[in-house]
Amino acid sequence: VFIEPEGLYTNEMYIGGMSSSLPEDVQDEMYHSVPGLEHAKIVKNAYAIEYDCINPRQLYPTLEFKKIKGLFSGGQFNGSSGYEEAAAQGLIAGINAAMEVKGREQLVLDRSEAYIGVLIDDLVTKENHEPYRMMTSRAEYRLLLRQDNADLRLRKKGYQVGLIDEETYQAVLRKEEAIQKEIERTEHATIGGTPEVQKLLEEKGSTLLKSGTELIRRPELNYEDLAPIDKERPELPWDVKQQVEINLKYEGYIKRQLKQVEQFKKLEAKKIPEDLDYEKVGSLRIEARQKLEEYRPISIGQASRISGVSPADISVLLVYLEQYRRNSNS
């Protein structure tokens, strides 16, 4: 049980770890049984909400109903729990409803681009037996899905669908360019072994150096530490400096994850025809055939995430799709 202040200007406390929907008199007794809370006064009782929901597997990743063209669904109605999860779905459903009206391509965020992408993909692809909450552990590529780079990841998408103005979009492009230029500069910047440099390294408990990039990667040093000895360093906004440091310090891990994303995107790019008859796909296991027929995935990537569809089934499906496309083109 954690007792957390509600804010800086209130004496109210939030009791983390004691969520309940019990009657008020039972809640009183429960809280007063905790050592230290014998005389606590409940200002706001805990509560629960009961609501109906659909099976989200009825939806495409755009949040459009598969069997009702033009109808989009967002919010807890889709089987999720939590305000942020509901708001995220409402945003995507609203965007895609507008794109449908305008006759434009609908927006789908994939699992490598945003937590919203993970949330929606899990809802429409996986079997969920309880209200869905978005947890960071559900995302395979969470090293890339950081709060510090959300603008770099998603503002272009917002611009494409008309939610971001030209000035804001150009600011993101300038930020991207400034980050890339500074990374390239530090990679080629050689910082000499002057007394000033050696003194700084000794103060930080660091050994002799090779380049600016090599120094930033050291755990005992950061980008700001090098300011006194990096004479060619330009004046940059704090958020650009932050991205330069993160990209250089964790370059090896980020590159490895980007390779994983590349493989992921290849599978996502292999689309499955909407009218594909899975009964005609030979060598598919019965369970896989039933699951694929039920879910009707739009890509090989989505099909591979369906419970009950094995890697062997995906291999069979890939071979069949290649034959299917050749026959369609001949």
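Predicted model, so just to flag it, every value in this text is computed and none were measured.

Rules used throughout
- Residues numbered from 1 in each chain as written.
- Predicted model: local features only at pLDDT ≥ 70, side-chain atom pairs only at ≥ 80, totals over all residues.
- Heavy atoms only, no water.
- Helix = DSSP H or I, 4+ residues; strand = E, 2+ residues; numbered from the N terminus.
- Buried < 20%, exposed > 50% of the residue type's maximum accessible area, 1.4 Å probe, protein only.
- Lys, Arg positive; Asp, Glu negative; His and termini not counted.
- Charge placed at Lys NZ, Arg CZ, Asp CG, Glu CD.
- Arc of directions from axis to C-beta.
- Contact = heavy atoms within 4.5 Å.
- Core = buried A, V, L, I, M, F, W, Y, C linked by side-chain atoms within 4.5 Å.

## Comments concerning the overall build of the protein chain
Thought 1: Across its full length, the protein chain holds twelve helices and two strands.
Thought 2: Of the regular secondary structure in the protein chain, the N- to C-terminal order runs β-β-α-α-α-α-α-α-α-α-α-α-α-α.
Thought 3: Overall size of the protein chain, expressed as C-alpha extent along the three principal axes, is 75 × 75 × 40 Å.
Thought 4: In the protein chain, which comprises 330 residues, the share counted as buried stands at 39%.
Thought 5: The positive charge centre, built from 46 side chains, and the negative charge centre, built from 56, are 6 Å apart in the protein chain.

## Describing helix 4 (residues 150-160)
Thought 1: Here helix 4 has its buried residues at Asp-151, Leu-152 and Gly-158. Seen along its axis, helix 4 keeps its buried residues to an arc of 130 degrees; they face one direction.
Thought 2: If you follow the buried residues of helix 4, they end up packed against helix 5 (166-188) and helix 8 (238-249).
Thought 3: Positive phi appears at Gly-162, one or two residues downstream of helix 4, with a value of about 90 degrees.

## Focus: the nonpolar core
Thought 1: Within the largest apolar cluster, 17 residues are counted, with the highest numbers of intra-cluster contacts made by Ile-179, Leu-226 and Val-244.
Thought 2: The residues contacting Val-244, other than those within four sequence positions of it, are Ile-179, Glu-182, Ile-183 and Tyr-223.
Thought 3: In terms of nonpolar packing, the next biggest core, distinct from the first, is built from 16 residues, Ile-272, Ala-288, Leu-292 and Ile-314 among them.

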